[in-house]
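Analysis of the macromolecular model
The chain contents come next:
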Protein chains: 2
Amino acid sequence: MPEPGELGGAKTSRPIRLVRLVNRLMADPGVSIRLQELGAATGAAKSTLSEDVATIDRALEAEGRGYVERTLGPAGGVRYLPFPAPDKTEAALDELATELSRPERRLQGGFLYLTDIVFSPQWVSRLGEIFASLFAAGQPDMVLTVETKGIPLALMTARALGIPLAVARREAGMTEGPALGLNYLSGTARRMGTMTLARRAVPEGSRVLIIDDFLKGGGTARGLVDMMAEFNAEVTGIGVLIATKDPEEKLVDDFVALLELAADNDSAGAAFQLTRQLKLAPRRSGGRA
Amino acid sequence: MPEPGELGGAKTSRPIRLVRLVNRLMADPGVSIRLQELGAATGAAKSTLSEDVATIDRALEAEGRGYVERTLGPAGGVRYLPFPAPDKTEAALDELATELSRPERRLQGGFLYLTDIVFSPQWVSRLGEIFASLFAAGQPDMVLTVETKGIPLALMTARALGIPLAVARREAGMTEGPALGLNYLSGTARRMGTMTLARRAVPEGSRVLIIDDFLKGGGTARGLVDMMAEFNAEVTGIGVLIATKDPEEKLVDDFVALLELAADNDSAGAAFQLTRQLKLAPRRSGGRA
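The shown structure was predicted, so the numbers you read here are calculated from the model rather than taken from an experiment.

**Considerations on the overall build of chain A**
Within chain A, the regular secondary structure consists of eight helices and twelve strands. Among the 289 residues that make up chain A, the fraction classed as buried is 53%. Across chain A, the fraction of contacts at a sequence separation of at least 24, relative to all contacts at a separation of at least 6, is 62%. Summing over all exposed atoms, chain A offers an accessible surface of approximately 12600 Å²; the carbon and sulfur share of this is 51%.

Printed below as a string of structure tokens:
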């Protein structure tokens, strides 16, 4: 049986309205939606919507599933920030460290198979929300990565923050208009890499958050930082899923690694151990980042 | 003021429960969640949850925002399928065609700048849901693409269906274990391309949905189809964001293009026109795919 107001009439019942509001807010996390627009979609008055939004905020925050933020000003509205609570972040990363430590993931040459994880919609969605929660305070207005395996993580980080993504290419992207190319020392400085990025991909003065899947020597991250200097853009943070313990000396200083990989390439079978690198302070009362 | 039951007690109020259920279902669309698990998270009885799920289903479907499906069997549960209604799909694609037809997007050499769109979290999220709605009937159990620009679209399609993603590389991925390499004729047969894919990325017997951003001659899609034959996997469909009108003869027959690009490379300024290719029949009563 249809409930009153659920068939698109001028007024909708509260349960129906809450369902649609959560759906709308979660469809584009990080993006501010004007109350006026939500009112038109639900037929509810502004004061009613404000109560609904407060209920949604409390319901999600008490579960550690993020919160709903009121933005002020003429374009003011509400947006959902899907930032997981610290205990949820730590539990997810511990689970991932266990999964990645499974012996079947050891490849010849001391490599770790993590392709399925960095392309898993469910994992990258969670990890993107974690990166977003860690770097939101720097107020980035775009996310940058370099192809290929960091793309899903960077995309989901950008999605959780409601900001665009730019992707540097390993070879000249001839079909993207004028581009800036840059040589950099990859990995442990054993080979030279090239990356290019379309000029129009990063506007001058952008505040850029760099996200990648793996950091060893830090050469790629260094290249991305140098590239942003060429674009007159500011780097607000560098986040990687996994950083290797060795070499201890990296080509970038300030990065956040979610997991640390301690590899023992000398032993037969390329033993390795993954541990959660990140330790989070419990949130202040109220739970806001 | 907290509402009754919202602070994590054994029982939660209906508004709080609905908010958390929608949040949980939307966090991993396409993935089935057992009612038992939802019950533990909300402290609600199975019959109560069934009513809640029915309310959520009706509220979303009446808005053309997908629906909630009950899955049967021992692992039975509920999952959210974020398949937009046909009129919403057509409106989104018309909006995209208009955006892509803007003169600023014309690049020298007759190319079209669409990098910002295929890396936009908001656009690829919508487009992934559209692809998912079009290809769900083929019951794919994974999505396949080739680097680079198709990755976000393919990821979000996989996410909307709740299935994994595999990404073929343009060069040998040495760090992903044993891989299969394949040569193919790219674009309009003017150059030879190589793609490789880790053996373990696609299990034998997989039902694979191919998603990419752009199709001209169809050589890349043909290469992916041939590669799936080598993996003993079945291709259930091919979806591309944009197909060019010319050449009319493509190297694959059965593909679905959301938009068609008619380019006039002879004219100065590389004029082009984008139109919605897809025409959808209105859904049957009830709106299920």
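**Observations concerning the relation of the copies chain A and chain B**
Copy one and copy two of the chain differ by a rotation about an axis and a translation along that axis. If you rotate chain A by 180° and push it 0.0 Å along the axis, it lands on chain B with an RMSD of 0.0 Å. Put plainly, the chains are arranged around a two-fold axis. Take the interface residues of chain A: 100% of them recur as interface residues in chain B, which is what a same-surface contact looks like.

**Things to note about unusual backbone geometry**
Residues and elements named next belong to chain A. The omega angle of the peptide bond from D246 to P247 is -5°, so this bond is cis rather than trans. Structurally, the position occupied by P247 is in the loop between β10 (234–244) and β11 (256–264). Unlike most non-glycine residues, Q139 shows phi in positive territory, near 50°. Examined against the element boundaries, Q139 turns out to sit in the loop between α6 (121–135) and β5 (142–146). For Q139, a relative accessible area of 60% puts it in the exposed group.

**Focus: the packing of aromatic side chains**
Overall, the coordinates contain four aromatic pairs over all chains when judged by the stated rule. A cation over an aromatic ring shows up here: R199 of chain A above the ring of F231 of chain A, its NZ or CZ 4.9 Å from the ring centre. Sitting above the plane of the Y113 of chain A ring, R200 of chain B keeps its charged end 4.2 Å from the centroid.

**Some details on the interface of chain A and chain B**
Taken together, the contacts link 62 residues of chain A with 62 residues of chain B. In total, chain A and chain B occlude about 5400 Å² of area from one another, counting both sides; carbon and sulfur atoms represent 58% of this. Considering only the surface of chain A that becomes buried against chain B, V19, N23 and R200 of chain A emerge as the three largest contributors, covering 11% of it. Here chain A and chain B share four salt bridges between them.

**Some points on the pattern of salt bridges**
In the structure shown here, the tally under the stated rule is 32 salt bridges over all chains. A salt bridge links K149 of chain B to E176 of chain A; the nearest nitrogen and oxygen atoms lie 3.9 Å apart. Linking K149 of chain B in the loop between β6 (142–146) and α7 (151–161) with E176 of chain A in the loop between β6 (165–168) and β7 (179–186), this pair reaches from one chain into another. For E176 of chain A, a relative accessible area of 4% corresponds to the buried category. Measuring nitrogen to oxygen at the nearest pair gives 3.3 Å for the salt bridge that ties E234 of chain A to R207 of chain A. Of this pair, E234 of chain A sits in strand β10 while R207 of chain A is found in strand β9 (residues 207–215), placing the two residues 27 residues apart along the sequence. One network of salt bridges, with partners in common, ties together E99, R102, E104, R105 and D116 of chain A.

**Quick notes on the sheet that holds strand β2 (residues 67–71) of chain B**
All names here are of chain B. Here we have three strands laid out as an open sheet, ordered β1-β3-β2, and antiparallel in their pairing. Whereas interior strands pair on both sides, the edge strands pair on one side only; in this sheet they are β1 (33–34) and β2. Note: β2 against strand β3 (residues 77–81), five bridges, orientation antiparallel. Along β3, the bridge assignment pairs V68 with Y80.

**A short note on the side chain of R105 of chain A**
By secondary structure assignment, the location of R105 of chain A is in the loop between α4 (86–100) and β3 (106–107). Here the side chain of R105 of chain A touches Y113 of chain A through a polar contact of 2.6 Å, landing on its backbone oxygen. Other than its neighbours up to four places away in sequence, R105 of chain A contacts E99, L100, F111, L112, Y113, L114, D116, I117 and F272 of chain A together with R200 of chain B.

**Focus: helix α1 (residues 14–27) of chain B**
Given 3.6 residues per helical turn, the α-helix brings residues three or four places apart onto the same face. Residue and element names in this part refer to chain B. Between its terminal C-alpha atoms α1 stretches 20 Å, which fits the 20 Å expected from 14 residues at 1.5 Å a residue. Where burial is concerned, most of α1 is hidden: twelve out of the 14 residues are buried. When α1 is considered as a whole, its buried residues turn out to be P15, I16, R17, L18, V19, R20, L21, V22, N23, L25, M26 and A27.

**Observations regarding the packing of helix α7 (residues 151–161) of chain A against α7 of chain B**
Packing of α7 of chain A against α7 of chain B brings their axes to within 10 Å, and their N-to-C directions diverge by 70°. Taken together, the axis directions place α7 of chain A and α7 of chain B in an arrangement best described as roughly perpendicular. Between α7 of chain A and α7 of chain B, the contacting residues are I151, P152, L155, M156 and R159 of chain A on the first element and I151, P152, L155, M156 and R159 of chain B on the second. Each residue belonging to the contact of α7 of chain A with α7 of chain B can be placed in one class, and the counts come to eight nonpolar, no polar and two charged.

Conventions adopted
Residues numbered from 1 in each chain as written. Chains lettered and ligands numbered in written order. Predicted model: local features only at pLDDT ≥ 70, side-chain atom pairs only at ≥ 80, totals over all residues. Heavy atoms only, no water. Helix = DSSP H or I, 4+ residues; strand = E, 2+ residues; numbered from the N terminus. Buried < 20%, exposed > 50% of the residue type's maximum accessible area, 1.4 Å probe, protein only. Contact = heavy atoms within 4.5 Å. Areas by Shrake-Rupley, 256 points an atom, 1.4 Å probe, with all protein chains shown as cover. Least-squares fit on C-alpha atoms with pLDDT ≥ 70 in both. Phe/Tyr/Trp six-rings, centres within 6.5 Å; stacked < 30°, edge-to-face > 60°. Lys NZ or Arg CZ within 6 Å of the ring centre and 35° of its normal. Buried area = accessible area lost by both parts, 1.4 Å probe. Salt bridge = Lys/Arg side-chain N within 4 Å of Asp/Glu carboxyl O. Pairing = 2+ DSSP bridges. Polar contact = N/O pair within 3.5 Å; in protein donor to acceptor, adjacent residues only side chain to side chain. Expected span 1.5 Å × (residues − 1). Axes fitted to C-alpha atoms, helices over the stretch in contact; angles between N-to-C directions. Parallel < 35°, antiparallel > 145°, perpendicular 65-115°, else oblique. Nonpolar A, V, L, I, M, F, W, Y, C, P; charged D, E, K, R; others polar.

Such coordinate-based values are descriptive only and should not be taken to indicate function.
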